[in-house]
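Spelled out, the chains give:
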Amino acid sequence: MKKVKLDIVGLSYSQTQSGAYALVLGEVNGRRRLPIIIGAFEAQAIAIEIEKMTPSRPLTHDLFKTFANTYHIEIKEILIYNLVDGVFYAKLICTDGQRTEEIDARTSDAIALAVRFNSTIYTYEFILSSAGIVIEGNDFVFLENMDSLGKEQAIESIDPKTPASNYSNLSLEELNQKLQEAIADEAYEKAARIRDEINKRNSSQ
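Remember, predicted model here, so these are calculated numbers, not experimental data. (Residues numbered from 1 in each chain as written. Predicted model: local features only at pLDDT ≥ 70, side-chain atom pairs only at ≥ 80, totals over all residues. Heavy atoms only, no water.)

**Quick notes on unusual backbone geometry**
Excluding glycine, most residues fall at negative phi; most peptide bonds, likewise, are trans. You will see that His-72, though not glycine, has its phi angle at about 60°, which is positive. Looking at where His-72 falls in the secondary structure, it is placed in the loop between helix H2 (60–70) and strand E4 (74–84). Residue classification places His-72 among the exposed positions, given a relative accessible area of 63%. The backbone of Asp-85 shows a phi angle near 50°, a positive value even though the residue is not glycine. For Asp-85, the location among the structural elements is in the loop between E4 and strand E5 (87–95). The class for Asp-85 is exposed, based on a relative accessible area of 59%. (Helix = DSSP H or I, 4+ residues; strand = E, 2+ residues; numbered from the N terminus. Buried < 20%, exposed > 50% of the residue type's maximum accessible area, 1.4 Å probe, protein only.)

Written out as structure tokens, the structure is:
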């Protein structure tokens, strides 16, 4: 299957899940964006490394890197290889110079390690096609099957009882207005949820 190279293009508070963060990966030399909901600890681990801050004591991902370096293990690449029921699956492609192994990992942990090892991040074309957002000029064109993007919260240790924004009480006109506002703010995750509510209304008519 064709692999697509990704970069981290955004990390911010989730606008629909309390205590969660939205990590946005972008297609290198392309217009597609892949939003993923992650937990606060993993978001902090990614942000600290991106900003080149030094914590007073090693974080878990820093410890992993030190351990790997001590035994001459390198992470060659990160591959987000599947998307099932809104949950992204990733693996680390590791080598000690003699053999290469694939290790299963949560996507957020894999990204936190990727920034520490300067590893390339990849995903498959079918994942971007099913869960990505395409930027066309200043507009966003939503691709199919983004219904359950936010479900990775269960994997990322976010309280599943956390209420999402309730759009069911809004009219279609109000929903469309909020969709345009979310797009203008580049709030990918929020826009996807509003889009899903609009599609749900339209399909029931």
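**Focus on the packing of helix H1 (residues 40–50) against helix H3 (residues 107–117)**
For the pair H1 and H3, interaxial distance at closest approach is 9 Å and the crossing angle is 15°. One element, H1, and the other, H3, form an angle in the roughly parallel class. For the element pair H1 and H3, the recorded crossing hand is left-handed. Here H1 contributes Glu-42, Ala-45, Ile-46, Glu-49 and Ile-50 to the contact with H3, which in turn contributes Ser-108, Asp-109, Ile-111, Ala-112, Val-115 and Arg-116. Of the residues in the contact of H1 with H3, the class split is 6 nonpolar, 1 polar and 4 charged. (Axes fitted to C-alpha atoms, helices over the stretch in contact; angles between N-to-C directions. Parallel < 35°, antiparallel > 145°, perpendicular 65-115°, else oblique. Left-handed = near helix turned anticlockwise from the far one by under 90°. Contact = heavy atoms within 4.5 Å. Nonpolar A, V, L, I, M, F, W, Y, C, P; charged D, E, K, R; others polar.)

**A short note on the confidence of the model for the chain**
Chain-level statistics for the chain give a pLDDT mean of 79 and a share of 77% at 70 or above. The secondary structure element of the chain with the lowest average pLDDT is strand E9 (residues 139–142), at 42, and the one with the highest is strand E7 (residues 120–124), at 97. Below pLDDT 50 for its whole length, residues 138–164 participates in 82 contacts with residues either more than four positions away or in separate chains. (pLDDT = per-residue confidence, 0-100.)

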